[in-house]
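Single-letter residue listing:
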Amino acid sequence: VLCLAGVLILLIPTRSLLVSFGGTFAIIVGCAMLAPMATGWLMRLATPLLGGVWGTLGRMAPRDVINSLSRTAVAVAALMVAVSVTIGVSLMVSSFRHTVQTWLGETLQGDVYISAPSLTANASSAVIDPQVVQTVRNWPGVKRADVLRSAMVDSPNGPVQVAATDNPSIMNERLFISTIAPAASLQQRFLNGGVLVSEPFANRMGIPTHLPAQGTSVELQTDHGLQGFPVLGVYYDYSSTQGTVLMNLGTYRRLWNDPAITAISLRLKPGFSADTVTNQLQSALAGRQNLLVRPNQALRHDVLVVFDRTFAITGALQLLATMVAFIGVLSALLSLELERQRELGILRAVGLTVRQLWNLVLLETGLMGWVAGLLSLPTGYVLALILVYIINRRSFGWTLQMQVGWVPFAQAMLVALSAALIAGLYPARRMSRMITSDALRSE
């Protein structure tokens, strides 16, 4: 019931994160509440197999887990939730990284990029000296220099980030969600005043990402009054959660009296090294203006370094969640030790050796870890789907491309088994050192 309620909550068309996390919470709790039933089923399936391998102990271990289900199922559920979180977050981060890599490969087509240092890393607004622009256009080995003007302009809906470029290949260097016509046929309309909008901007402004056949428009406050711009397409973009309106530089300069330039992209002639030209330009331009001159590969590397540094904290959060679950398993096992003290005393009295006791306890904990790991696989995958397609979209306005690999699932099983087995070491040691006569007298 909780899982179904969570799905229905997530289907509500809203951008509220409170509602989204509420639906996610309901699904995760619902999956956790399935742990007792799933544990019982899996233990019954495992009994004949383990009995064939470990004999009497192999049949006792799963039965003991079932008989103590009120405690073991809680520990299994706690471990399952913690491990499923690691799966979901790992898949989300890897999908995000893959998406950004693909986006960078399509967007950064130039060989060398030049910009002025700015307080914001994703959209530089510092102006480049016009003499620098002229110098790099005439630099040996430069085939073409595309310039960009990034600025904030007013609109009826508040400030809007505008990026104006003279890049003639812009239609081929964007990954589009939708366009009003084939992208190759839109270049002339782009030159005549049409604009492209990023997915976050479309979501923020209520523009359908799949544009209707009749199209739509964006209103911006220009130096000549309020102007409407036909939207030609919506493209994927991960540089800003506020979104961007992309237009032709000629259109921008015609409507805003602003000749400034904030970034330059250089295309080199065949045979010229991007690293060599970068070093030469850094030396030549050092005395004119403090500029960032970076080759394509270095810029991509810097972006991914920032990305990895941003999500490094998720590793610590995953470790913390696993430690909490580990403590839960340990507490459950210590409680079981108190409950089963007389039972274990009888087993010792009829001939159960210390080694067999260790094997029994570790078999039980291993089974608990195995069940938690198995249950975490589908739960973690469902959580990843929610994070990628719902939470990220409602939080930032962009769509990620889901990437599913086997590594997070294998790591999850290993973590679940390891956490459960390690948690069983201390209770097994305590049980093995108990005095049989005292255990038999215990009530």
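Reading guide: rules and limits
Residues numbered from 1 in each chain as written. Predicted model: local features only at pLDDT ≥ 70, side-chain atom pairs only at ≥ 80, totals over all residues. Heavy atoms only, no water. Helix = DSSP H or I, 4+ residues; strand = E, 2+ residues; numbered from the N terminus. Expected span 1.5 Å × (residues − 1). Bend = angle between axes of the 7 residues up to and from the residue. Patch = residues over 30% accessible without salt bridge, like charges linked within 9 Å, V, L, I, M, F, W, Y side chains within 5 Å. Areas by Shrake-Rupley, 256 points an atom, 1.4 Å probe, with all protein chains shown as cover. Salt bridge = Lys/Arg side-chain N within 4 Å of Asp/Glu carboxyl O. Buried < 20%, exposed > 50% of the residue type's maximum accessible area, 1.4 Å probe, protein only. Polar contact = N/O pair within 3.5 Å; in protein donor to acceptor, adjacent residues only side chain to side chain. Contact = heavy atoms within 4.5 Å. Pairing = 2+ DSSP bridges. Arc of directions from axis to C-beta. Core = buried A, V, L, I, M, F, W, Y, C linked by side-chain atoms within 4.5 Å. Phe/Tyr/Trp six-rings, centres within 6.5 Å; stacked < 30°, edge-to-face > 60°.

**Structural notes on helix H15 (residues 407-432)**
Across its 26 residues, H15 extends 37 Å between first and last C-alpha, which sits within 8% of the 38 Å expected from 1.5 Å per residue. The principal kink in H15, of about 30 degrees, is found at Leu-425, preceding the proline Pro-427 by one to four residues.

**Some words on a nonpolar patch on the surface**
Together, Leu-4, Val-7, Leu-8 and Leu-11 make up a nonpolar patch on the protein surface, roughly 410 Å² of accessible area in all. Tracing the backbone through its elements, the reader meets Leu-11 in the loop between helix H1 (2-10) and helix H2 (17-33).

**Things to note about the environment of Leu-319**
Within the secondary structure layout, Leu-319 lies in helix H12 (residues 313-339). The exposed category is assigned to Leu-319, whose relative accessible area is 54%. Each C-alpha atom, one on Leu-319 and one on Thr-86, is 8.5 Å from the other, the two residues being 233 residues apart in sequence.

**Some words on the pattern of salt bridges**
Two side chains carrying opposite charge are able to pair once their charged atoms lie near each other. This structure, assessed with the given rule, holds eight salt bridges. The shortest N-O distance in the salt bridge between Asp-258 and Arg-149 comes to 2.8 Å. Of this pair, Asp-258 sits in the loop between helix H9 (249-255) and strand E9 (263-268) while Arg-149 sits in strand E2 (residues 142-153), placing them 109 residues apart in sequence. One salt bridge connects Asp-302 with Arg-294, and the closest N-O pair in it is separated by 3.9 Å. In the salt-bridge network here, residues are joined through shared partners; they are Arg-144, Asp-146, Glu-173 and Arg-267.

**Describing the side chain of Thr-165**
Looking at the secondary structure, you find Thr-165 in strand E3 (residues 160-165). From its side chain, Thr-165 meets the backbone oxygen of Val-147 in a polar contact 3.2 Å long. At 3.0 Å, the side chain of Thr-165 and the backbone nitrogen of Asn-167 are in polar contact. Discounting chain neighbours no more than four positions away, the residues touching Thr-165 are Val-147, Leu-148, Ile-170, Leu-246, Met-247, Asn-248 and Leu-249.

**Regarding the pairing of E2**
Pairing geometry for E2 and E9, over six bridges, is antiparallel. Opposite Arg-144, over in E9, you have Arg-267 as the bridge partner. Alignment of E2 against E3, held across six bridges, turns out to be antiparallel. The residue of E3 that forms the bridge with Arg-149 is Ala-164. Between E2 and the antiparallel strand that follows it, E3, lie six residues; Gly-158 among them carries a positive phi value of about 105 degrees.

**Overview of helix H13 (residues 341-349)**
Here H13 has its buried residues at Leu-344, Gly-345 and Leu-347. Each buried residue of H13 lies within a common arc of 160 degrees when the element is viewed along its axis, so the set occupies one face. Downstream of H13 by one or two residues, Gly-351 has phi in the positive range, about 120 degrees.

**Considerations on the pairing of E3**
The element E3 is largely enclosed, with a buried count of six among its six residues. Taken together, the five bridges between E3 and strand E8 (residues 244-248) define a ladder with parallel strand orientation. Residue Thr-165 lies in a different strand from E8, and its bridge partner there is Asn-248.

**A word on the nonpolar core**
Membership of the largest hydrophobic core comes to 118 residues, with the highest contact counts inside it found for Leu-220, Met-247 and Ile-264. What Met-247 contacts, discounting residues up to four positions off in sequence, is Val-162, Ala-163, Ala-164, Thr-165, Phe-190, Val-195, Leu-220, Phe-229, Tyr-252 and Trp-256. Among the nonpolar cores identified, the runner-up in size contains ten residues, and Ala-163, Ile-170, Leu-186 and Leu-232 belong to it.

**Let's talk about the packing of aromatic side chains**
Inspection of the entire model under this criterion finds ten aromatic pairs. Where Phe-96 meets Trp-398, the ring centres are 5.7 Å apart and the plane angle is 55 degrees; that geometry is what we call tilted. Remark: Trp-398 occurs in the loop between helix H14 (354-396) and H15 and Phe-96 occurs in helix H5 (residues 69-107); sequence separation between them is 302 residues. Comparing Phe-96 with Trp-398, the two get one shared label, buried. For the ring pair Phe-229 and Trp-256, a centre distance of 6.2 Å and an interplane angle of 10 degrees mean the geometry is stacked. Of the two residues, Phe-229 sits in strand E7 (residues 225-235) while Trp-256 sits in the loop between H9 and E9, which places them 27 residues apart along the sequence. A single burial state applies to Phe-229 and to Trp-256, both of which are buried.

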